[in-house]
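Structural characterization, general
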Amino acid sequence: NFSICFIVVNEFCERFSYYGMKALLTLYFLTYLKWDKDLSTAVYHAFSGLCYFTPILGAFIADSWLGKYKTIIYLSIVYVIGHVVKSVGAIPTVGSTELHIALSMSGLILIALGTGGIKPCVAAFGGDQFDEEHRQKFFSIFYMSINAGSFLSTIITPILRVPTPKGTTINKGNKHT
């Protein structure tokens, strides 16, 4: 069933991108945007809080307007656009520092809307596809894909990051880097 493969792969990719990006987010704030530790930590936690608040919006959209499947599709697109906007904001030759900050914050808001928006829908939509007998197998595969995406991203993403230029000081005491 295509929708089941879509759900499992989408959830793996979503968790990989979310945790991979979060693994480097404070480092990005400190070294690229040149924010101090306090501002970096505050924005990191504001973003995390927004990600935990937006599932209320996603549930409302799915239950009262679009349904679970369309909510997953549309907010996954919002999510991807958020990553693109955030990535463009990290290109050194694109505009001024103010533009980098604006693109980065806009990207993070879109990512929070995307991740929070699909969270209340994905498990419920997947569970709706099966009878009682097969539902347990689906949820085992579903949660394995979530954990695999999260685990692999926290290992692979820091390895793939662009090395910090010589002479740049990174705050080793910050547990979010």
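Criteria and cut-off values
Residues numbered from 1 in each chain as written. Predicted model: local features only at pLDDT ≥ 70, side-chain atom pairs only at ≥ 80, totals over all residues. Heavy atoms only, no water. Axes fitted to C-alpha atoms, helices over the stretch in contact; angles between N-to-C directions. Helix = DSSP H or I, 4+ residues; strand = E, 2+ residues; numbered from the N terminus. Parallel < 35°, antiparallel > 145°, perpendicular 65-115°, else oblique. Left-handed = near helix turned anticlockwise from the far one by under 90°. Contact = heavy atoms within 4.5 Å. Nonpolar A, V, L, I, M, F, W, Y, C, P; charged D, E, K, R; others polar. 1 Å grid on protein atoms, 1.4 Å probe; cavity = no way out; pocket = protein on both sides within 12 Å on 5 of 7 lines; lining within 4 Å. Points joined across faces, edges and corners; volume = space filled by probe spheres on them. Salt bridge = Lys/Arg side-chain N within 4 Å of Asp/Glu carboxyl O. Buried < 20%, exposed > 50% of the residue type's maximum accessible area, 1.4 Å probe, protein only. UniProt positions renumbered as here; feature names shortened; annotations may be inferred. Patch = residues over 30% accessible without salt bridge, like charges linked within 9 Å, V, L, I, M, F, W, Y side chains within 5 Å. Areas by Shrake-Rupley, 256 points an atom, 1.4 Å probe, with all protein chains shown as cover. Phe/Tyr/Trp six-rings, centres within 6.5 Å; stacked < 30°, edge-to-face > 60°.

Across the interface, helix H1 (residues 2-32) lies against helix H2 (residues 37-53) with an axial gap of 8 Å and an inter-helix angle of 155°. By the angle class used here, H1 and H2 are roughly antiparallel. The handedness of the crossing between H1 and H2 comes out as right-handed. Seen from H1, the contacting residues are Tyr18, Met21, Lys22, Leu25, Thr26, Phe29 and Leu30; seen from H2, they are Lys37, Ser40, Val43, Tyr44, Phe47, Ser48 and Cys51. Taken together, the residues that form the contact of H1 with H2 break down as nine nonpolar, three polar and two charged.

By volume, the second largest pocket is sized at about 170 Å³. Looking at the second largest pocket, the residues that line it are Val9, Asn10, Cys13, Glu14, Ser17, Ser76, Tyr79, Val80, His83, Val84 and Ile118. Counting only elements with at least two residues in the lining of the second largest pocket, the list comes to H1 and helix H4 (68-88). Of the residues in the lining of the second largest pocket, the class split is six nonpolar, four polar and one charged.

Here we come to the pattern of salt bridges. Where charged atoms of side chains with opposite charge meet at close range, the side chains can pair. Enumeration according to the criterion identifies five salt bridges in this entry. With a closest N to O distance of 2.3 Å, Lys68 and Asp128 form a salt bridge. Remark: Asp128 occurs in helix H5 (residues 97-128) and Lys68 occurs in helix H4; sequence separation between them is 60 residues. By relative accessible area, Asp128 is classed as partly exposed at 49%. A single salt-bridge network, built from bridges that share partners, covers Glu11, Glu14, Arg15 and Lys119.

According to UniProt, the feature "transmembrane region" (unreviewed entry) maps to residues 42-61, 73-95, 101-126 and 138-160 in the numbering used here. Measuring from the first to the last C-alpha atom of residues 42-61 gives 29 Å, for a span that is 95% helix and 0% strand. For residues 73-95, helix accounts for 70% and strand for 0%, while the C-alpha atoms at its two ends are 32 Å apart.

We now examine a nonpolar patch on the surface. The grouping of Phe151, Leu152, Ile155, Ile156, Ile159 and Leu160 at the surface amounts to a nonpolar patch, some 590 Å² of accessible area in total. Residue position: Phe151 is located in helix H6 (residues 132-160).

A word on the packing of aromatic side chains. Ring pairs (aromatic) are described by centroid distance and by the angle formed between their planes. Inspection of every chain in the model, using the stated rule, returns 14 aromatic pairs. Pairing Phe138 with Phe139 gives two aromatic rings, centres 5.0 Å apart and planes at 65°, and the pair type is edge-to-face. Residue classification places Phe138 among the buried residues on the basis of a relative accessible area of 3%. With relative accessibility at 24%, the residue Phe139 sits in the partly exposed group. Look at Phe142 and Tyr143: their rings are 4.9 Å apart centre to centre, the planes differ by 75°, and that puts the pair in the edge-to-face class. Of the residues examined, Phe142 reaches a relative accessible area of 2% and is grouped as buried. Here a set of aromatic residues connected by ring pairs shows up, and it is made of Phe130, Phe138, Phe139, Phe142 and Tyr143.

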